[in-house]
Amino acid sequence: MTNRSIAFIGTGNMSYAIISGMIKNGFDKKQIIATNRNPEKLAHIHKELSIETQADNLIALAKADVIVLSVKPQVMADLCQTFADSDIDLSNKLFISVAAGITIDRLQQMLGQKVSIIRCMPNTPSLLGKGVSGLYAQDATDDDKAFTQAIFENTGIVTWLEKESDINNIIAVTGSSPAYFFLFMEAIEKKAKALGFNDEQARQLVQQTALGAAQMVESQNIPISTLRENVTSKNGTTAAALAHFKESGLIQDVSDAMDKCINRAKEMEKEL
Ligand SMILES: NC(=O)C1=CN([C@@H]2O[C@H](COP(=O)(O)OP(=O)(O)OC[C@H]3O[C@@H](n4cnc5c(N)ncnc54)[C@H](OP(=O)(O)O)[C@@H]3O)[C@@H](O)[C@H]2O)C=CC1
Ligand SMILES: O=C(O)[C@@H]1CCC=N1
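Please read all numbers here as calculations on a predicted model, not as lab measurements.

Caption draft 1: Looking closely at the overall build of the protein chain. Scanning the protein chain from N- to C-terminus turns up 12 helices and 8 strands. Considering only C-alpha atoms, the protein chain reaches an extent of 70 × 40 × 30 Å along its principal axes. Counting the 272 residues in the protein chain, one finds 32% classified as buried. Long-range contacts, defined here as pairs at least 24 residues apart, represent 67% of the contacts in the protein chain between residues at least 6 apart.

Caption draft 2: Expanded view of the site of ligand 2. Close to ligand 2 lie A100, I171, G175 and S176, which account for all nearby residues. A per-class count over the shell around ligand 2 returns 2 nonpolar, 2 polar and no charged.

Caption draft 3: Region of interest: the UniProt feature "domain: Pyrroline-5-carboxylate reductase catalytic N-terminal" (unreviewed entry) in the protein chain. Under the feature "domain: Pyrroline-5-carboxylate reductase catalytic N-terminal" (unreviewed entry), the UniProt entry names residues 6-101. Secondary structure over residues 6-101 splits into 45% helix and 20% strand, and the C-alpha atoms at its two ends are 23 Å apart.

Caption draft 4: Representation of the site of ligand 1 within the structure. Taken together, 25 residues surround ligand 1, and among them G10, G12, M14, A99 and A100 come closest. Put simply, the parts of the chain that give the shell around ligand 1 at least two residues each are α1 (13-24) and α4 (73-85). The class makeup of the residues in the shell around ligand 1 is 10 nonpolar, 12 polar and 3 charged.

Caption draft 5: Quick peek at the sheet that holds strand β5 (residues 94-97). Read from one edge to the other, the open sheet built from 8 strands follows the order β3-β2-β1-β4-β5-β6-β7-β8, with strand pairing classed as mixed. Across the chains shown, the open sheet's two edge strands, defined by having one partner strand only, are β3 (52-54) and β8 (156-160). Across the sheet, the axes of successive neighbouring strands diverge by a mean angle of 25°, strand direction being ignored. Two elements, β5 and strand β6 (residues 116-121), share 4 bridges in a ladder whose sense is parallel. From the neighbouring strand, L94 faces β6, where its bridge partner is S116. Across the sheet, α1 lies against β1 (6-9), β2 (32-35), β4 (66-69), β7 (131-137) and β8, angled at about 160° from β2, the strand it touches most.

Caption draft 6: Representation of the nonpolar core in the model. Among the nonpolar cores identified, the biggest contains 53 residues, and A7, I9, I67, V68, L69 and I96 are the most heavily contacted of them. Apart from the residues within four sequence positions on either side, I67 is in contact with A7, I9, L61, K93 and F95.

Caption draft 7: Region of the structure containing the environment of I45. Take I45: it is sitting in helix α2 (residues 39-49). The exposure class of I45 is buried, given the 24 C-beta atoms found within 10 Å. With 220 residues separating them in the primary sequence, I45 and A265 have C-alpha atoms 29 Å apart. Ignoring anything within four residues of it in the chain, the contact list for I45 reads T11, Y16, A34, N36 and T53.

What counts as what
- Residues numbered from 1 in each chain as written.
- Chains lettered and ligands numbered in written order.
- Predicted model: local features only at pLDDT ≥ 70, side-chain atom pairs only at ≥ 80, totals over all residues.
- Helix = DSSP H or I, 4+ residues; strand = E, 2+ residues; numbered from the N terminus.
- Buried ≥ 20, exposed ≤ 12 C-beta atoms within 10 Å, placed from the backbone.
- Contact = placed C-beta atoms within 7 Å.
- Near = placed C-beta within 6 Å.
- Nonpolar A, V, L, I, M, F, W, Y, C, P; charged D, E, K, R; others polar.
- UniProt positions renumbered as here; feature names shortened; annotations may be inferred.
- Pairing = 2+ DSSP bridges.
- Axes fitted to C-alpha atoms, helices over the stretch in contact; angles between N-to-C directions.
- Core = buried A, V, L, I, M, F, W, Y, C linked by C-beta atoms within 7 Å.

Rendered as structure tokens:
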């Protein structure tokens, strides 16, 4: 089971993060092939990760037992068509799709047959082994599920989802959410600069505070709301800032933004 070779088709931001996390955790590099249609990106991947790279997806497809589909959703159909049109036997391969907004049924349609497919919704902190991956399988074997879990455990924590629609929900909670945190950090950084801190100071101040806050959540087994309350002196500075967030509707905004994220995934399921 553990000796299966894996091809990442369309190695961009997400797959690069996954492969990096896997390698950092001791996954055997010799089992990994990465493809990209851009020769410069391929050279960069080879230089940085010292793994086999391949410009021709079909060569990677033929060689590997497990195929991670990691192109953007909008180009997935064209990619899968090249696989369906090839004379390579797909029936004994495991496909893992990290794409948002494309269901297993639709992927099987794109590939022209009912191959074994597991959907995974990872996130970019996988790069550091701090990722979250939501996994969903319909008809995959226990062996395929165990292998997929083992791959993604190298990149952080893994959680199995009961329904395929939960993939759309976990996109909002973990797949897209690093960007929400980055946006918040950008906003604090911008204001720090406006207050006169230089670029280097502003960056350092925001990153250290975000890191410290995240590590407090991780290391102290108390509700996040208690951590917030511990910063907030009665009638003090934090209370003034938080009251503004509350009045301006930040909490509802976060919920609404996550609904937008889920709805976009549902729309994509119809479009693609
Ligand atoms: N980024 C994220 O945080 C997350 C992304 N995902 C999913 O991961 C998938 C990839 O996203 P992401 O990594 O951000 O996207 P990227 O665009 O960074 O990566 C995809 C790469 O695949 C290349 N590519 C496109 N078509 C082909 C092809 N036919 N053959 C070989 N290479 C090809 C692209 O080249 P080119 O640059 O020329 O277009 C690009 O470099 C998406 O489906 C997304 O939904 C899931 C969770 C989180
Ligand atoms: O923005 C996207 O559609 C992808 C899926 C989750 C993160 N990035």
